[in-house]
Amino acid sequence: MTSSSSSSQAAARVAERLARAYPEGLRADALMEEDVAWSHEIDAERDGDQFDRFERAALRRVAGLSTELEDVTEVEYRQLRLERVVLVGVWTSGTVQDAENSLAELAALAETAGAVVLDGVIQRRDTPDAATYIGSGKAEELRDIVVDTGADTVICDGELSPAQLIHLEDVVKVKVIDRTALILDIFAQHAKSREGKAQVALAQMQYMLPRLRGWGQSLSRQMGGGRGGLATRGPGETKIETDRRRIREKMAKMRREIAEMKTGREIKRQERRRNRVPSVAIAGYTNAGKSSLLNRLTGAGVLVENALFATLDPTVRRAETPGGRQYTLTDTVGFVRHLPHHLVEAFRSTMEEVGDADLILHVVDGSHPNPEEQLAAVREVIRDVGATDVPEIVVINKADAADPLALQRLLRIEKRSIAVSARTGQGIKELLALIDNELPRPALEVEALVPYTHGKLVARAHDEGEVISEEHTPEGTLLKARVHEDLAADLAPYAPAPAL
C-alpha cells in the first residue's frame, strides 16, 4: 500500500470519528487541526476575524526559496556533495512577511552551508509544539513534502529541544537539524585562525552535550559493582555518560586554550592603549559589507564574498584620519537574528574588541527589505557583550543599491548615521571626516620649541596627539599640538619663553 492511499484512509477514519463527535457547524473547525484543542466559544471570540481558520492551521509554502539548479549535469555534480533540504518555520508573531523574511534568511544560511533548498513552509501557531515543533498532524504533512521532493534533511527555523529533534525525526524519517546547528556548521567551515577554530569547537560541544543519543544496549555495556564478581549491583558508567564526561573534559581544555589566547589579545590591546592609539570597531549584521568597508578604508585585503559569515576571524588594521591622526579599525564577526548563545559565549573574547573600542561603526545593509530588524538584532548582541556605552555611528552601506525612500527613512530615524557605498566609494570621505570628529581627542593643548636633537618628541606628537601647527626654525621645531598628559609633561621643558 502506498503512503498516499494509507494517508487517505487515515483521513477518512478521522472524518468519520469527527462527524459523530461534532455538530455540523463545528466539524470543519475541528478538522483543521486535530492535535490542538479548540473551543468555539472561547477561541472564536479571542481570534475574531484576524485569521482565517484554514490559513491559521495550514503549512504555508514560501515561494522562491528553491535553489535547485536547472542544468542536469550541474545538478548531478552538486547532489554528490550537497544535502537536499526542506525548510520549516513556526510563525508565532508579527506579519506573514516577517515570517517569510525569516525563512528566506534560513534559506540563505542553508545555501552558505552548502545545501540545496527544495521547499520551504511555515505554520501559524501561538507557540511551537512541545513534542514535534509543528504538531503531530503537520509533521505528517511535512513527511509527505519530504517524500515528494526527495529531501534528505529538514531544517527548522528555531532552536529545538533534544526531545523535539527526536520526535520530529521519528515522524519525517530523515535527519532534522535546527537553526543553531546550521549556524554552528557554517562557523566550523569558515573559521581559519587557531582561536576561531577553538571558539567554534567549544560552541559545538556546548550545543551537542545535551543532545547526545545512544543506541540500544550499548548505553549500559560497562558493569559496575566495585571489584566485580557475581554480585555486581548493575551497570556502572554507561556509554553515553562516558561520552558526556569526555566532552566536558574537552570543553574544559578548550576554555583554557581560549583563555591563553585571550591573554595575547589583551596584551596587544594594552600596547595600543599605552601608545594612545584610538580604536574603531566595525560591527553589524552578517553580509552587511563590513569587510568591504574595511578594505575601502584601509586596503586591508580581507576576503569579501556575498555569503553569510564569510569572515569570522577579527582583522585589525591601522588607519589615518584626514587630519593625520592614527587609529585602528577592527572588523568583527557578523551577527544575525537569534544568534546562538553558545556562539556569543564562545566568541566573547573576540567580541570584547567592540566593548573596548572608542567608537563603533554599526554597518547595516541599506538594500535589505527590513534593515530596522538588522539594527535591533546587532544592538541586542552589543548589549550582551557590555558595549552599550561606546559611541555609535550607523553606517548605511550599499547605498548604490538601496531604495532612495528607504535610505531617507533610515537617515531620519537614526540621528547619527551616514549613507555610503563600499563598492563605489560613495560617502567614504564624509565617513572619514565623521570618524575624525567622533574619536576622542587629547585633553591638553601645548606649544613647544623642540630642538632637532629631540625629534622623537615631534614624532610622538604626530602618533599620539593631534598636531595643530608645525614650523621649522633655526632653534628647532616650533610645535603646537593637543596631546595627552604624559607627552605634555615631556614637552613642558621646551615651552617657549613668554614674550616681554
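What counts, and where the lines are drawn
- Residues numbered from 1 in each chain as written.
- Predicted model: local features only at pLDDT ≥ 70, side-chain atom pairs only at ≥ 80, totals over all residues.
- Heavy atoms only, no water.
- Helix = DSSP H or I, 4+ residues; strand = E, 2+ residues; numbered from the N terminus.
- Buried < 20%, exposed > 50% of the residue type's maximum accessible area, 1.4 Å probe, protein only.
- Contact = heavy atoms within 4.5 Å.
- Areas by Shrake-Rupley, 256 points an atom, 1.4 Å probe, with all protein chains shown as cover.
- Polar contact = N/O pair within 3.5 Å; in protein donor to acceptor, adjacent residues only side chain to side chain.
- Pairing = 2+ DSSP bridges.
- Right-handed = clockwise from strand over helix to strand, strands pointing away.
- Axes fitted to C-alpha atoms, helices over the stretch in contact; angles between N-to-C directions.
- Phe/Tyr/Trp six-rings, centres within 6.5 Å; stacked < 30°, edge-to-face > 60°.
- Lys NZ or Arg CZ within 6 Å of the ring centre and 35° of its normal.
- UniProt positions renumbered as here; feature names shortened; annotations may be inferred.
- Expected span 1.5 Å × (residues − 1).
- Arc of directions from axis to C-beta.
- Parallel < 35°, antiparallel > 145°, perpendicular 65-115°, else oblique.
- Nonpolar A, V, L, I, M, F, W, Y, C, P; charged D, E, K, R; others polar.

A. Inspection of the overall build of the chain at higher detail. Broken down by element type, the chain carries 19 helices and 14 strands. Across the 500 residues of the chain, 46% fall into the buried class. Contacts in the chain between residues at least 24 apart in sequence constitute 68% of all its contacts with a sequence separation of at least 6. Carbon and sulfur atoms make up 52% of the accessible area of the chain, which amounts to about 25,900 Å² in all.

B. Inspection of the side chain of Ser-102 at higher detail. With respect to the element layout, Ser-102 can be found in helix α6 (residues 96-113). Ser-102 gets classed as buried once you look at its relative accessible area, which sits at 14%. One polar contact links Ser-102 to Asp-157, side chain to side chain, over a distance of 2.6 Å. Not counting residues up to four positions away in its chain, the partners in contact with Ser-102 are Asp-157, Arg-179 and Arg-337.

C. View of the pairing of strand β2 (residues 83-91). When you tally the buried positions in β2, you get 8 out of 9 residues, the bulk of the element. In terms of strand pairing, β2 meets strand β3 (residues 115-124) through 9 bridges, oriented parallel. The partner of Trp-91 across the bridge, within β3, is Arg-124. In this region the chain leaves β2, passes through α6 and returns to the parallel neighbour β3; the handedness of that crossover is right-handed. Inspection of the sheet shows β2 paired to strand β4 (residues 153-156) by 4 bridges, in the parallel sense. Residue pairing for β4: Leu-87 is matched across the bridge by Ile-155.

D. Structural view of the sheet that holds strand β12 (residues 444-450). Taken in spatial order, the 3 strands make up an open sheet running β12-β14-β13, and their pairing is antiparallel. Only two strands of the sheet have a single neighbouring strand rather than two, namely β12 and β13 (466-472). Strand-to-strand, the axes of this sheet are offset by a mean angle of 10°, without reference to chain direction. Across the face of the sheet, helix α18 (residues 455-464) comes into contact with β12, β13 and β14 (477-483) while running at roughly 145° to β13.

E. Main features of the packing of aromatic side chains. Inspection of the entire model under this criterion finds 0 aromatic pairs. Here the guanidinium or amino end of Arg-124 rests over the ring plane of Trp-91, the centre of that ring lying 5.2 Å away.

F. Quick peek at the UniProt feature "binding site: Mg(2+)" (unreviewed entry) in the chain. When the UniProt feature table is mapped onto this chain numbering, "binding site: Mg(2+)" (unreviewed entry) sits at Ser-291 and Thr-311. Inspection of the secondary structure puts Ser-291 in helix α12 (residues 290-298). By relative accessible area, Ser-291 is classed as buried at 9%.

G. Here's a closer look at helix α7 (residues 136-149). Over its 14 residues, α7 extends 20 Å from the first C-alpha to the last, a length consistent with the 20 Å expected when each residue adds 1.5 Å. Turning to α7, its buried residues number three or more, namely Lys-138, Ala-139, Leu-142, Ile-145 and Val-146. Axial view of α7: buried residues confined to an arc of 110°, hence all on one face.

H. Inspection of the packing of α12 against helix α17 (residues 428-438) at higher detail. Axis separation between α12 and α17 bottoms out at 11 Å; the angle between their running directions is 80°. The pairing of α12 with α17 is recorded here as roughly perpendicular in orientation. Here Leu-293, Arg-296 and Leu-297 of α12 come into contact with α17, specifically with Ile-428, Leu-431 and Leu-432. Classifying every residue of the contact of α12 with α17 by side-chain character gives 5 nonpolar, no polar and 1 charged.

I. Quick look at the sheet that holds strand β10 (residues 392-397). Across the sheet, 6 strands lie side by side as β7-β8-β6-β9-β10-β11; this open sheet has mixed pairing. Across the chains shown, the open sheet's two edge strands, defined by having one partner strand only, are β7 (315-320) and β11 (417-419). Ignoring which end each strand starts from, the neighbouring axes of this sheet average 25° apart. Sheet topology note: the strand β9 (residues 359-365)/β10 ladder contains 6 bridges and is parallel. Residue pairing across strands places His-362 opposite Val-394, the latter belonging to β10. Seen against the sheet, α12 touches β6 (279-284), β7, β8 (326-331), β9 and β10 and runs at an angle of roughly 155° to β8. Of the strands in this sheet, β6, β8, β9, β10 and β11 touch α17, which is tilted by about 150° from β9.

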